[in-house]
Amino acid sequence: MTLRVALIGHGFMGAAHSVGWRQAPAVFDLPDDVEMAVIVGRNGPAVTSAAAKWGWAEAATDWREVVARDDIDIVDIVTPGDSHAEITLAALAAGKHVLCEKPLANSVDEAERMAEAAREAAGRGVVATVGFTYRRVPAVTLLRDLIAAGRIGTVQQVRAAYRQDWLVDPEMPLAWRLQKEHAGSGALGDIGAHIIDMTQFVTGQRIESVSGVVDTIVKRRPLQGSGSGLSGTAGEGFGDVTVDDVALFAGRLESGALASFEATRFATGRKNSLTLEISGDKGALAFDLEQLNSLRYYDRGADAEVQGFTDILVTEPVHPYVSAWWPAGHMLGYEHGFVHQAKDFVEAVVAGVAAHPTFDEGLAVQRVLDAVETSAAEDSRWVRTGAAAHEEE
Ligand code: SOE
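As the structure is a prediction and not an experimental result, all values here were calculated from the model.

## Examining the sheet that holds strand β17 (residues 383–384)
Hydrogen bonding along the main chain pairs the strands of a sheet, whether they run parallel or antiparallel. Judged by pairing direction, the sheet is mixed, and its nine strands sit side by side in the order β16-β15-β14-β13-β7-β12-β11-β8-β17 without closing on themselves. Of all strands in the sheet, those with a lone pairing partner are β16 (310–313) and β17, marking the two edges. Where helix α8 (residues 187–203) meets the sheet, it contacts β7 (155–163), β8 (207–215), β11 (246–253), β12 (258–264), β13 (273–280) and β14 (283–288), and its direction lies at approximately 150° from that of β12. Most of the contacts of helix α10 (residues 359–377) go to β8, to which it runs at about 55°, and overall it touches β8, β11 and β17.

Laid out in structure tokens, this is it:
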């Protein structure tokens, strides 16, 4: 059988997902063939160009027509967050398997409707997943497995940061990511969602309450001329930035352990710096996306003369995905998470099993995002995420 994929959207994530769909069948022995059938975008010439560049058989401009087609099996959604719910609900109703980019939605209400629809569709053999690709970096899976094996003892504290600097320039135009009606939130939902999901994934614990603060540093930006290439508000003059540039928040895990989070687009010099450090009573583990093939491990039980963080090179074939690529020491990169995501999704679809992260896990992230925004609007008071009360899995 061949699984025919429709990609809805063709921006940066459209490129990353295209690489995933192109490479997965070549690198992994998938249970079914994959056909990159059609890529969809509002701008005809632009999506036609993207189809030719990335190897999609067709280009189209009407997602509703594509989602309804009988010759499409998978709908992969990489549009801005304001269309995730509408496209997902239509695709699930049409019996299509859905891969939706993160964050799942722009609100808890939308995410709840999407998760409910996914639970109903699962009864019809339809699979849905949300695109938190960093879980698919081998070192992140190792981080989770070492915690689960007790290698650092009881998790006592978590430190998570995702720092970029692409908005430090006040001349950067008012792109869709800077407008609440399109993006839902700013750094919080775009990159904060990643460190929220990763924290819950590697610790196996939900974040039960948060206290946060957000800020918008550059409050107005130039509207983008028609030729800027960035999707957003075209035109002359300036427009209001209606989302956060920085989000800082503390979180309390189920066990009572405290976590600290920083999501910012104003960490001058930090291009895509995601760091996660988990501290336990027997040791610690530290991951840095800029060194994504390594995991740093500190063992309090080591002899004094050799104590210190050690570098685990996560390129041995014993780790997930690695044996399909290169020999030990030949590194993976940012795009490999998208290839692994496509592989895992195809395997789940063919096997008829849940694909993680599920929409319920995406909803759990959405609840944390919402609680941070509520807290920030109410003098940073502690706000419960409702995690314990909403265990859907
Ligand atoms: C933000 O610039 C961004 O593209 C995120 O949207 C992605 O999820 C992340 O992987 C890279 O940075």
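There's plenty left to go through after this.
## Considering the site of the ligand
Every residue lining the ligand is accounted for by Phe 12, Lys 102, Tyr 134, Tyr 162, Gln 164, Trp 166, Arg 177, Asp 190, His 194, Asn 272 and Tyr 334. At 3.0 Å, a side-chain N or O of Lys 102 approaches an oxygen atom of the ligand. Interatomic distance of 2.8 Å between a side-chain N/O atom of Tyr 134 and an oxygen atom of the ligand. For the ligand, the protein covers 92% of the area, taking 310 Å² as the surface of the free molecule. Grouping the amino acids of the shell around the ligand by side-chain chemistry returns five nonpolar, three polar and three charged. Residues from two domains meet in the shell around the ligand; each of domain 1 (2–134) and domain 2 (135–330 + 366–377) gives at least three.

## Quick word on the environment of Phe 261
Note that Phe 261 resides in strand β12. According to the relative accessible area criterion, Phe 261 is buried, its value standing at 4%. With 49 residues separating them in the primary sequence, Phe 261 and Gly 212 have C-alpha atoms 9.1 Å apart. If near-sequence neighbours (up to four positions away) are discounted, Phe 261 is found in contact with Ala 160, Ile 195, Ile 196, Thr 199, Ile 207, Ala 247, Leu 248, Phe 249 and Gly 251.

## Some words on the packing of α8 against α10
It is at 9 Å that the axes of α8 and α10 come closest, and there the two elements cross at 125°. In terms of orientation, α8 and α10 fall into the oblique class. Relative to α10, the crossing made by α8 is right-handed. On α10, the residues touching Leu 188, Gly 189, Ala 193, Ile 196, Asp 197 and Gln 200 of α8 are Ala 364, Val 365, Val 368, Leu 369, Val 372 and Glu 373. The residue inventory of the contact of α8 with α10, partitioned by class, reads eight nonpolar, two polar and two charged.

## Quick word on the side chain of Thr 385
Relative to the helices and strands, Thr 385 is located in the segment after β17. A residue is classified by how much of its surface remains accessible, and Thr 385, at 7% relative accessible area, is buried. Here Ile 207 takes part through its backbone oxygen, which lies 2.7 Å from a polar atom of the side chain of Thr 385. Contacts of Thr 385, omitting those with residues within four sequence positions, involve Ile 207, Glu 208, Ser 209, Val 210, Arg 367, Val 368 and Ala 371.

## Details of the sheet that holds strand β5 (residues 97–100)
Taken in spatial order, the six strands make up an open sheet running β3-β2-β1-β4-β5-β6, and their pairing is parallel. What marks the edges here is a single partner per strand, and that holds for β3 (58–60) and β6 (128–130). Going across the sheet, the axis of each strand differs from the next one's by a mean of 20°, ignoring polarity. Direction of pairing for strand β1 (residues 2–8) relative to strand β2 (residues 33–40): parallel, over a ladder of seven bridges.

## Brief notes about the nonpolar core
In this structure, Trp 21, Leu 92, Leu 143, Ile 278, Phe 287, Leu 295 and Phe 359 are the most contacted members of the largest nonpolar core, which totals 112 residues. The element contributing the most residues to this core is α8, with nine residues. Mapping this core onto the domain boundaries places at least three of its residues in each of domain 1 (2–134) and domain 2 (135–330 + 366–377). Leaving out residues up to four positions away in the same chain, Leu 143 has contacts with Val 202, Leu 276, Ile 278, Leu 285, Phe 287 and Leu 295. One finds Leu 174, Leu 178, Leu 223 and Val 241 within the second-largest nonpolar core, a separate group that totals eight residues.

## Comments concerning the pairing of β1
In terms of residue burial, β1 counts as a mostly covered element, since five of its seven residues are buried. Read from β1 through helix α1 (residues 12–27) to β2, the crossover connection turns out right-handed.

The rules behind these values
Residues numbered from 1 in each chain as written. Predicted model: local features only at pLDDT ≥ 70, side-chain atom pairs only at ≥ 80, totals over all residues. Heavy atoms only, no water. Pairing = 2+ DSSP bridges. Helix = DSSP H or I, 4+ residues; strand = E, 2+ residues; numbered from the N terminus. Contact = heavy atoms within 4.5 Å. Axes fitted to C-alpha atoms, helices over the stretch in contact; angles between N-to-C directions. Near = heavy atom within 4 Å. Polar contact = N/O pair within 3.5 Å; in protein donor to acceptor, adjacent residues only side chain to side chain. Areas by Shrake-Rupley, 256 points an atom, 1.4 Å probe, with all protein chains shown as cover. Nonpolar A, V, L, I, M, F, W, Y, C, P; charged D, E, K, R; others polar. Domains from an automatic or database assignment. Buried < 20%, exposed > 50% of the residue type's maximum accessible area, 1.4 Å probe, protein only. Parallel < 35°, antiparallel > 145°, perpendicular 65-115°, else oblique. Left-handed = near helix turned anticlockwise from the far one by under 90°. Core = buried A, V, L, I, M, F, W, Y, C linked by side-chain atoms within 4.5 Å. Right-handed = clockwise from strand over helix to strand, strands pointing away.

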